[in-house]
Amino acid sequence: MTDSILSKAATMEIPINSNGDSRTAEDDSLEQDLQQVMVSGPNLNETSIVSGGYGGAAEGIIPTSSIKGPAIRFNPEYFDRRCGNAPKPDIRSKSRGITPSQSAASRIANQPGHYPAPSMHHSNSNPSMMSEEATRGVAVEKFDSVKKWSINTYKCTKQMFSERFGRGTKTVDLELEAQIDVLRETKMKYERILRLARELTNHFYNMVQTQQALGDTFADLSQKSPELQDEFGYNAETQRLLCKNGETLLGAINFFVSSINTLVNKTMEDTLMTIKMYENARLEFDAYRTDLEELSVGPRDAAAMMRFEIAQQQYQIQKDKYERLHSDVSIKLKFLEENKVKVMHKQLLLFHNAISAYFAGNQQQLEQTLRQFNVKLKPPGSDKPSWLEEQ
C-alpha cells in the first residue's frame, strides 16, 4: 500500500492552467502537500514533471535528470494523512478540479537545496581555461617571431637593393675580401683536381681488372696449349705482377682522392659557410646602421627619441654579431691556409712517388712509398658483402 502511494506521488501529472495570481485556501493546502512530496518523495533524478503549459492545450515534459535530490524517506504524518487518519483531504481529489496559480508553480519548481550539479561545471572549466591560455601564449609568441623576421627581412632587402643600385653605403674590409676571393678561386681549382683524380682512378681500375682477366686467360691457355705453354705462362705471370702493382697504386690514388675530398668538401666548405654567415651579418649590420642614421637626422619628439633608442640597441646587437663573425672568418682563413699547405705537401709527394715507382716497374719502391705515408691497402674482395650480409 505504501509503495503504490509513493510511486503514484512520484510520477503523477500536475495540470497547470493560467488563472492569474488569485490564491485560495485549497491552493495553499495543495502547495503544502506538494512541498511534502518534494521533501519526502523519491529522488528527482528518476522522475519528471509533466505540465500542460500556462494557457495552452499542449503538454510539456520538464526533464529533471540533472537535478539531484535526497533519497526516499518515509514520512509517517504524510502517510496517515494520505490514508484518511488525519483531517487533511485527499490530494488526488483536489488535483482533479483545482489548478494552482503561476506563482505557486514557480515556487515549487524553484525549491532551494536540490541543485548541487552546477558546481561541477567550475571544476571542468579550469583545464579548458588553462589549455586556452597556453594556446593563446604560443600563438602570440609565433606572431612576435614572424613580426621580427618580417621587419628584419624588409630592412635587409632594402639595404641589398640600395647597395646594388649604388644608393647605399657598404662596410668593406678590403684585406679580408681579397682572402675570401682567393679561397673561392682555390676551391674551384681543387674541385677540378678532385674530379680528374676520380676519373683517373676509375680508368686505372678498369685497366687493372682487364689485366687480371687477361692474366687468367693466359694461364688457362698455358694449360691447354702444350706447344705454347711457356709463352702463355710468361705473359700470365707478367699480367699478374702488373695487376698486383696496379692494386697497390690504386690504394695510393684512393688515399690521395680521399684527402683532397676532405680538404675541399669539408674543411673549405666549413670556412665558406662561416663566410656566408659573416656576409649576412654584414648586410644586417649595414641595414640597421642606415636605419639609425636616418632616425638621427629626424625630429626630436618623444616618440622619435624612443624609436631612436630602440634602433641604437638593435644596431649595437648587430655590430657585436658582425665583429664576432669577422674575427671567426679571419681565424678560419688563417688555419685553413696552414692546413691546406700541410695536407697538399704530403698528398702531392705521395702521388708523385707512387706513380713514378709504378711506371718504373719498381715494386719495392712502390710498397715503400705506401708504408712511408701509412697507406693501408684493402684485401681483395673486401668491398663485397659477406655471406651473412647477403642472407
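Residues numbered from 1 in each chain as written. Predicted model: local features only at pLDDT ≥ 70, side-chain atom pairs only at ≥ 80, totals over all residues. Heavy atoms only, no water.

**Brief notes about the overall build of the chain**
Reasoning step 1: Assigned secondary structure in the chain consists of eleven helices and two strands.
Reasoning step 2: The secondary structure elements of the chain, listed N-terminal to C-terminal, are α-α-β-β-α-α-α-α-α-α-α-α-α.
Reasoning step 3: When each of the 391 residues of the chain is scored for burial, the buried share is 29%.
Reasoning step 4: Contacts in the chain between residues at least 24 apart in sequence constitute 79% of all its contacts with a sequence separation of at least 6.
Reasoning step 5: In the form shown here, the chain has an accessible surface area of approximately 26,300 Å², with 57% of it arising from carbon and sulfur atoms. (Helix = DSSP H or I, 4+ residues; strand = E, 2+ residues; numbered from the N terminus. Buried < 20%, exposed > 50% of the residue type's maximum accessible area, 1.4 Å probe, protein only. Contact = heavy atoms within 4.5 Å. Areas by Shrake-Rupley, 256 points an atom, 1.4 Å probe, with all protein chains shown as cover.)

**Things to note about a nonpolar patch on the surface**
Reasoning step 1: A contiguous nonpolar patch, built from Met-160, Phe-161 and Phe-165 and spanning about 310 Å² of accessible area, is present on the exposed surface.
Reasoning step 2: Relative accessible area serves as the criterion here: at 41%, Phe-161 is assigned to the partly exposed category. (Patch = residues over 30% accessible without salt bridge, like charges linked within 9 Å, V, L, I, M, F, W, Y side chains within 5 Å. Salt bridge = Lys/Arg side-chain N within 4 Å of Asp/Glu carboxyl O.)

**Structural notes on helix α9 (residues 302-360)**
Reasoning step 1: Along its 59 residues, α9 runs 86 Å from first to last C-alpha, staying within 8% of the 87 Å computed at 1.5 Å per residue.
Reasoning step 2: Two residues or fewer after α9 comes Gly-361, characterised by a positive phi angle close to 75°. (Expected span 1.5 Å × (residues − 1).)

**Things to note about the pattern of salt bridges**
Reasoning step 1: Under the definition given, this model contains eleven salt bridges.
Reasoning step 2: Between Lys-187 and Glu-269 there is a salt bridge, and its shortest N-O distance comes to 3.6 Å. Highlighted residues: Lys-187 in helix α7 (residues 174-224) and Glu-269 in helix α8 (residues 229-296), separated in sequence by 82 residues.
Reasoning step 3: A relative accessible area of 10% places Lys-187 in the buried class.
Reasoning step 4: As a salt-bridge pair, Asp-270 and Lys-332 come within 3.0 Å of each other at their nearest N and O atoms. Taken together, the residues Asp-270 in helix α8 and Lys-332 in helix α9 connect sequence positions 62 residues apart.
Reasoning step 5: You can call Asp-270 partly exposed: its relative accessible area is 41%.
Reasoning step 6: Taking relative accessible area as the criterion, Lys-332 reaches 28% and is therefore assigned partly exposed.
Reasoning step 7: Taken together, the salt bridges that share partners define one network made up of Arg-282, Asp-286, Arg-289 and Glu-293.

**Digging into the packing of aromatic side chains**
Reasoning step 1: Under the defined criterion, the tally for this structure stands at eight aromatic pairs.
Reasoning step 2: When the centroid spacing of 6.3 Å and the interplanar angle of 15° are considered together, the rings of Phe-161 and Phe-165 count as stacked.
Reasoning step 3: Residue classification places Phe-165 among the exposed positions, given a relative accessible area of 58%.
Reasoning step 4: Pairwise contacts between aromatic rings join Tyr-278, Phe-285, Tyr-315 and Tyr-322 into one cluster. (Phe/Tyr/Trp six-rings, centres within 6.5 Å; stacked < 30°, edge-to-face > 60°.)

**Topic: the confidence of the model for the chain**
Reasoning step 1: On average, residues of the chain score 74 in pLDDT, and 64% of them reach the 70 mark or higher.
Reasoning step 2: At the level of individual helices and strands, the chain shows its lowest average pLDDT in strand β1 (residues 48-51), which scores 41, and its highest in α7, which scores 93.
Reasoning step 3: Counting interchain partners and residues more than four positions distant, the pLDDT-below-50 stretch residues 39-72 has 65 contacts.
Reasoning step 4: Under a pLDDT of 50 for its full length, residues 112-123 has, in the predicted model, ten contacts with residues more than four places off or in other chains. (pLDDT = per-residue confidence, 0-100.)

**What about α8?**
Reasoning step 1: Here α8 contains 68 residues, and its C-alpha end-to-end distance of 97 Å stays within 8% of the 100 Å for a straight helix at 1.5 Å per residue.
Reasoning step 2: At Glu-269, α8 shows its largest kink, close to 35°. (Bend = angle between axes of the 7 residues up to and from the residue.)

**What to know about the packing of α9 against helix α10 (residues 363-372)**
Reasoning step 1: Taken N-terminus to C-terminus, the directions of α9 and α10 make an angle of 160°; their axes are 8 Å apart at the nearest point. By the angle between their axes, α9 is roughly antiparallel relative to α10. In the packing of α9 onto α10, the handedness of the crossing is left-handed. Between α9, through Leu-350, Asn-353, Ala-354, Ala-357 and Tyr-358, and α10, the contact on the second element is made entirely by Gln-365, Leu-366 and Thr-369.
Reasoning step 2: Considered class by class, the residues forming the contact of α9 with α10 number five nonpolar, three polar and no charged. (Axes fitted to C-alpha atoms, helices over the stretch in contact; angles between N-to-C directions. Parallel < 35°, antiparallel > 145°, perpendicular 65-115°, else oblique. Left-handed = near helix turned anticlockwise from the far one by under 90°. Nonpolar A, V, L, I, M, F, W, Y, C, P; charged D, E, K, R; others polar.)

**Remarks on the environment of Lys-170**
Reasoning step 1: One can find Lys-170 in the loop between α6 (119-164) and α7.
Reasoning step 2: Sequence-distant contacts of Lys-170, that is, excluding residues within four places in its chain, are made with Glu-163, Arg-282, Asp-286 and Arg-289.

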